[in-house]
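Now for the letters of each chain:
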Amino acid sequence: MAAHLAQGASAFASATKAFNEKKRIGKVHARAVGAVRASADEEDDWDGNPGPFVRPEGSPFFASYTDPTVWKLMQENLVAGEVEQILPAKAKLMAENDGWTLIDVRPYPDYCESHAWGAKSSQLYVPMEVDSVAKGAKAVASVLLFPERMMKKYVNVECNENFLDEMQEEVEWGDKVILYCATGGVIGDADLNFANGQQSASLIAAHELAMRGWGTDNIKHMAGGLGMWDAIEGFDLGTVEEE
């Protein structure tokens, strides 16, 4: 890992120097790649994103999950599916009395450190493994931008390709689940064109389950996240000794 970080630092410096040139040719390259992929794999339905999660229909080609347009479309899907947002107090009652399972979608080290009492872990994002020069550069960039991350057990995350598998390790497919992350996020108001929405890992997870056919009647989202559960409500927390 140290070697990759050292190489990553060098790569990051080189990438920074070359940024303007890459930016200039980026759009041309993207169009060329898209054209080749479309002609070679017309039946593939590839949307330009190498990640494992579903992006809404109409998402810009090559746009990430956090792209503003993608996020707006996600909110439209969540509203159309009538995915309910609930506060921690209601989430706690439903988990205790109505057969709902709290699902913590944060990286597992965060879950181990602290989680809502009784919650299960299914990571939407996992700690990034620095196993390449590119990832080393990303790790160095993260530390430079956010020095406080040096105090954590990881400096960056990546999409968890096993998210659905982890869900099914904790509950049966289609079971009643309440998803939460650190901050919770908010589905915006359709009348405001969703401009007041706040994206979060738990809302991306809710969208992923909804689009995969989990059944939106059995998906709830805990607004306010663990922060409100703990700091505002003062509800019980659990910990796990990480292996």
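Before any of the text, the structure's been laid out above.
Given the structure is predicted, the values throughout are model-derived calculations rather than measurements.

Visitor: Got a minute to help me understand the side chain of Asp 110 in this structure?
Guide: When you line up the elements, Asp 110 lands in helix α5 (residues 108–113). Residue contacts for Asp 110: discarding those within four places in its chain leaves Lys 152 and Tyr 154.

Visitor: Explain the nonpolar core here, please?
Guide: If you look at soluble globular proteins, the nonpolar side chains tend to sit buried side by side. Core analysis: the largest hydrophobic core is formed by 29 residues, its most contacted members being Val 105, Leu 124, Phe 163, Leu 179 and Leu 209. Within the residue set of this core, elements represented by two or more residues are α3 (68–80), α7 (163–170), β7 (177–180) and α8 (201–211). With seven residues, α8 is the largest single contributor of residues to this core. Each residue touching Phe 163, except ones within four places of it in the same chain, is listed here: Phe 53, Val 105, Ser 122, Gln 123, Leu 124, Ala 205, Glu 208 and Leu 209. With 13 residues, the next largest nonpolar core counts Ala 119, Ile 178, Trp 229 and Phe 235 among its residues.

Visitor: Teacher, can you tell me more about the packing of aromatic side chains here?
Guide: The description of two aromatic rings rests on the distance between their centres and on the angle between their planes. This structure, assessed with the given rule, holds seven aromatic pairs. Pairing Phe 53 with Tyr 125 gives two aromatic rings, centres 6.2 Å apart and planes at 85°, and the pair type is edge-to-face. One end of the pair, Phe 53, is in the loop between α2 (19–40) and α3; the other, Tyr 125, is in strand β5 (residues 125–127), and 72 residues separate them in sequence. The class for Tyr 125 is buried, based on a relative accessible area of 18%. Considering the side-chain rings of Tyr 108 and Tyr 111, the 5.8 Å spacing of their centres and the 25° angle between planes classify their relative orientation as stacked. Of this pair, Tyr 108 and Tyr 111 both sit in helix α5, three residues apart, which is roughly one turn of the helix. When its relative accessible area of 31% is taken as the criterion, Tyr 108 is described as partly exposed. Residue class for Tyr 111 comes out buried when judged on its relative accessible area of 9%. Seen from the ring of Phe 235, Lys 92 lies directly overhead, with NZ or CZ sitting 5.3 Å from the centre.

The rules behind the values
- Residues numbered from 1 in each chain as written.
- Predicted model: local features only at pLDDT ≥ 70, side-chain atom pairs only at ≥ 80, totals over all residues.
- Heavy atoms only, no water.
- Helix = DSSP H or I, 4+ residues; strand = E, 2+ residues; numbered from the N terminus.
- Contact = heavy atoms within 4.5 Å.
- Core = buried A, V, L, I, M, F, W, Y, C linked by side-chain atoms within 4.5 Å.
- Buried < 20%, exposed > 50% of the residue type's maximum accessible area, 1.4 Å probe, protein only.
- Phe/Tyr/Trp six-rings, centres within 6.5 Å; stacked < 30°, edge-to-face > 60°.
- Lys NZ or Arg CZ within 6 Å of the ring centre and 35° of its normal.

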